[in-house]
Amino acid sequence: MSTSDPRVERAARQARAAKSPGTALVIALLGVVHIVVWVVAGFGMGSILDIFRLMTVNQVGNWTSDLDSVDSQFLAVGAICIGSFVGVFLTGRLGRAGLGGAALIIPFCTALFGIAIGLVLFIPNWSAPDAIGEKVAFIDGGDPEPWQSDAWAAYYLPYWLPATVGVVFLLAVVAALAAMRATRRSLSRMTDIEARGTRVPGVVTEAIATGTEIQGSPRIQFTTRFTDTAGTDRWVTKRATFPRAATPRAGDPAVVWFDPLAPNDETKIMVGLGPEAAQLAGRPTVLPRTDLRG
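First, a word on scope: everything that follows refers to the structure included in this document.

Procedures and definitions
Residues numbered from 1 in each chain as written. Predicted model: local features only at pLDDT ≥ 70, side-chain atom pairs only at ≥ 80, totals over all residues. Heavy atoms only, no water. Axes fitted to C-alpha atoms, helices over the stretch in contact; angles between N-to-C directions. Helix = DSSP H or I, 4+ residues; strand = E, 2+ residues; numbered from the N terminus. Parallel < 35°, antiparallel > 145°, perpendicular 65-115°, else oblique. Left-handed = near helix turned anticlockwise from the far one by under 90°. Contact = heavy atoms within 4.5 Å. Nonpolar A, V, L, I, M, F, W, Y, C, P; charged D, E, K, R; others polar. Salt bridge = Lys/Arg side-chain N within 4 Å of Asp/Glu carboxyl O. Buried < 20%, exposed > 50% of the residue type's maximum accessible area, 1.4 Å probe, protein only. Polar contact = N/O pair within 3.5 Å; in protein donor to acceptor, adjacent residues only side chain to side chain. Core = buried A, V, L, I, M, F, W, Y, C linked by side-chain atoms within 4.5 Å. Phe/Tyr/Trp six-rings, centres within 6.5 Å; stacked < 30°, edge-to-face > 60°.

Turning our eyes to something else, we now look at the packing of helix α4 (residues 102-122) against helix α6 (residues 157-196). One way to put it is that α4 packs onto α6 with a least axis distance of 8 Å and a crossing angle of 160 degrees. Viewed along their axes, α4 and α6 adopt a mutual orientation that is roughly antiparallel. Note on packing geometry: the crossing formed by α4 with α6 is left-handed. Two secondary-structure elements touch here, α4 through A102, I105, I106, C109, L112, F113, I115, A116, L119 and V120 and α6 through L161, P162, V165, G166, V168, F169, A172, V173, A175, A176, A179 and M180. When grouped by side-chain class, the residues that make up the contact of α4 with α6 number 21 nonpolar, one polar and no charged.

What follows is the structure in structure tokens.
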């Protein structure tokens, strides 16, 4: 029987792997490639938006962009597809490095950063309107049509669009840093509960699929019953992702760590499933379903 929790050990291995120069180099290279691809995508998006901008600021018939819009559209679509695939690989690497929820946010950060740079690089290439502040008359000698608010917004699009993407990028960075901090706190809390808490056997009484999948693994809500040191039966509900072949089921054994001074505080309760739980319950281990959720 293991004397330490498998998830804590796995997290420690992930932390060591994250500090490995090889792992850091691979993640850095994937991040740079992801940014570069989305820079190309951002530049291509600018060429597509240039046509819609002309449709807003110019009269009908004067909607021809200064760039080859067909080539630019293919450039943008191709870069978006490649960027999405690279983002999947980057997310997987970050997840294996033990970054938790931040692994899902960081690729959005690199993508938004690349798009913002691409739009900034495209600024000199926006097509100039026929006239500023008005649409030239469709018929010679006719009266020009003054711009409305939408036309003015389109005119300044080359500046406020990359600025907006930049703001969203900064918000995503803040969210990623918060997720990384939460992951570190969670690991620290689990380590403390494992070291100081009381360990007792438990049993899964209910397991419900939430309908959500993370990197192909279903997220399951499961409830575990255990008995505290006072002999009171308690139930605790957790949510976690599991491999498809190792999802918990009602009746599965569990091992529960809890604070004997606060047995009703779910934030201080940790539930483990798998071989250690089966051994603690005196059952033979059939599936390697070892996992733990705080």
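Moving on from the model shown.
Moving on: the pattern of salt bridges. If you walk through the whole model with that rule in mind, you get two salt bridges. As a salt-bridge pair, R234 and D228 come within 2.7 Å of each other at their nearest N and O atoms. In this structure, K268 and D259 form a salt bridge, with 4.0 Å as the shortest nitrogen-oxygen distance. In this structure D259 comes out as partly exposed when scored by relative accessible area, which is 21%.

Topologically, N58 is positioned in the loop between α2 (21-57) and α3 (69-96). Residue N58 is classed as buried on the basis of its relative accessible area, which comes to 4%. Only 3.0 Å separates the side chain of N58 from the backbone nitrogen of D130, close enough to count as a polar contact.

A separate point is the nonpolar core. Of all hydrophobic cores here, the largest spans 26 residues; its most connected members are L94 and V165. Those residues in contact with L94, other than ones at most four positions away along the chain, are I27, L99, A103, I106 and P107. Judged by nonpolar contacts, the second largest core, of 14 residues, contains V200, V204, F222 and F242.

This paragraph deals with the packing of aromatic side chains. On inspection of all chains with the given rule, the structure shows 10 aromatic pairs. On the basis of an interplanar angle of 35 degrees and a centroid distance of 5.2 Å, the ring pair of F113 and F169 is categorised as tilted. You can see F113 sitting in helix α4 and its partner F169 sitting in helix α6, a full 56 residues away along the chain. Taken together, a centroid distance of 5.8 Å and an interplanar angle of 70 degrees make the contact between F222 and F242 edge-to-face. In this pair, F222 is assigned in strand β4 (residues 217-227) and F242 in the loop between β5 (233-241) and β6 (253-258), connecting sequence segments 20 residues apart. Residue classification places F222 among the buried residues on the basis of a relative accessible area of 0%. By relative accessible area, F242 is classed as buried at 2%.

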